Amino acid sequence: FVGYYDIIKHPMDYKTINSRVKKNEYMSVLDFESDWMLIFSNARRYNVEDSIVYQDACLLEEMIQPHMQRLKVLNSLHSGEKQSPEVGNGLSPASLLQAPSHSA
């Protein structure tokens, strides 16, 4: 990608997020969300508005927002406990990274 690192000063990618989740490196849901938002903003900054990458970044950001909101709400319910992105009801950063199951 010609000039990518000249334009994008703080790169982020799915592989890095996945690794951080597996290593339990996220101390808060906001940190997890911040990395996702960085992916989307980098995609929009580097690519032209009518490109598929730019459009996909917008769509994915829109799709992930309800899940991030739910994680934040659930995390706030547990605010009296030790801060952790792993919250009740099986919803965690790791659960957002799992592929959806498809039933036939």
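Heads up: these notes are all about the structure in this document. (Residues numbered from 1 in each chain as written. Predicted model: local features only at pLDDT ≥ 70, side-chain atom pairs only at ≥ 80, totals over all residues. Heavy atoms only, no water.)

1. Description of the overall build of the chain
Move 1: Per the secondary structure count, the chain includes five helices and zero strands.
Move 2: Ordered by position in the sequence, the α and β elements of the chain form the string α-α-α-α-α.
Move 3: Expressed as a percentage of its 104 residues, the buried residues of the chain come to 33%.
Move 4: Partitioning the contacts of the chain with sequence separation of at least 6, the portion at a separation of at least 24 is 51%.
Move 5: Total accessible area on the chain is roughly 7,300 Å²; 55% of this is exposed by carbon and sulfur atoms. (Helix = DSSP H or I, 4+ residues; strand = E, 2+ residues; numbered from the N terminus. Buried < 20%, exposed > 50% of the residue type's maximum accessible area, 1.4 Å probe, protein only. Contact = heavy atoms within 4.5 Å. Areas by Shrake-Rupley, 256 points an atom, 1.4 Å probe, with all protein chains shown as cover.)

2. Details of the environment of Ser 28
Move 1: Inspection of the secondary structure assignment puts Ser 28 in the loop between helix H2 (14-22) and helix H3 (29-46).
Move 2: Sequence-wise, Ser 28 and Leu 71 are 43 residues apart; in three dimensions their C-alpha atoms are separated by 10.0 Å.
Move 3: Engagement of the side chain of Ser 28 in a polar contact is seen with the backbone nitrogen of Leu 30, the distance being 3.3 Å. (Polar contact = N/O pair within 3.5 Å; in protein donor to acceptor, adjacent residues only side chain to side chain.)

3. Section: the pattern of salt bridges
Move 1: Following the criterion strictly, the structure yields three salt bridges and no others.
Move 2: Between Arg 20 and Asp 35 there is a salt bridge, with its nearest N and O atoms 2.6 Å apart. Highlighted residues: Arg 20 in helix H2 and Asp 35 in helix H3, separated in sequence by 15 residues.
Move 3: A relative accessible area of 28% means that Arg 20 is categorised as partly exposed.
Move 4: Glu 61 is the partner of Arg 44 in a salt bridge, and the nearest nitrogen-oxygen pair spans 2.7 Å. (Salt bridge = Lys/Arg side-chain N within 4 Å of Asp/Glu carboxyl O.)

4. Thoughts on helix H4 (residues 52-77)
Move 1: In this model H4 runs 38 Å from its N-terminal to its C-terminal C-alpha over 26 residues, within 8% of the 38 Å that 1.5 Å per residue would give.
Move 2: When the local axis directions of H4 are compared, the greatest deviation, roughly 35°, occurs at Gln 65, which is followed within four positions by the proline Pro 66.
Move 3: Of the residues making up H4, those classed as buried are Tyr 54, Ala 57, Glu 61, Ile 64, Met 68, Leu 71, Leu 74 and Asn 75. (Expected span 1.5 Å × (residues − 1). Bend = angle between axes of the 7 residues up to and from the residue.)

5. Structural notes on the packing of aromatic side chains
Move 1: Across all of its chains, the model carries six aromatic pairs by this definition.
Move 2: When the ring of Tyr 4 is compared with that of Tyr 46, the centres are 4.9 Å apart and the planes differ by 65°; the resulting orientation is edge-to-face. Residue Tyr 4 is found in helix H1 (residues 4-7), and its partner Tyr 46 is found in helix H3; the two are separated by 42 residues along the sequence.
Move 3: Here the aromatic residues Tyr 14, Tyr 26, Phe 32, Trp 36 and Phe 40 are joined through ring pairs into a cluster of three or more. (Phe/Tyr/Trp six-rings, centres within 6.5 Å; stacked < 30°, edge-to-face > 60°.)

6. Some remarks on the environment of Leu 71
Move 1: Of note, Leu 71 is situated in helix H4.
Move 2: Residue class for Leu 71 comes out buried when judged on its relative accessible area of 0%.
Move 3: Through-space distance from the C-alpha of Leu 71 to that of Val 29 is 6.8 Å; in sequence the pair is 42 residues apart.

Keep in mind these values describe shape, not function.
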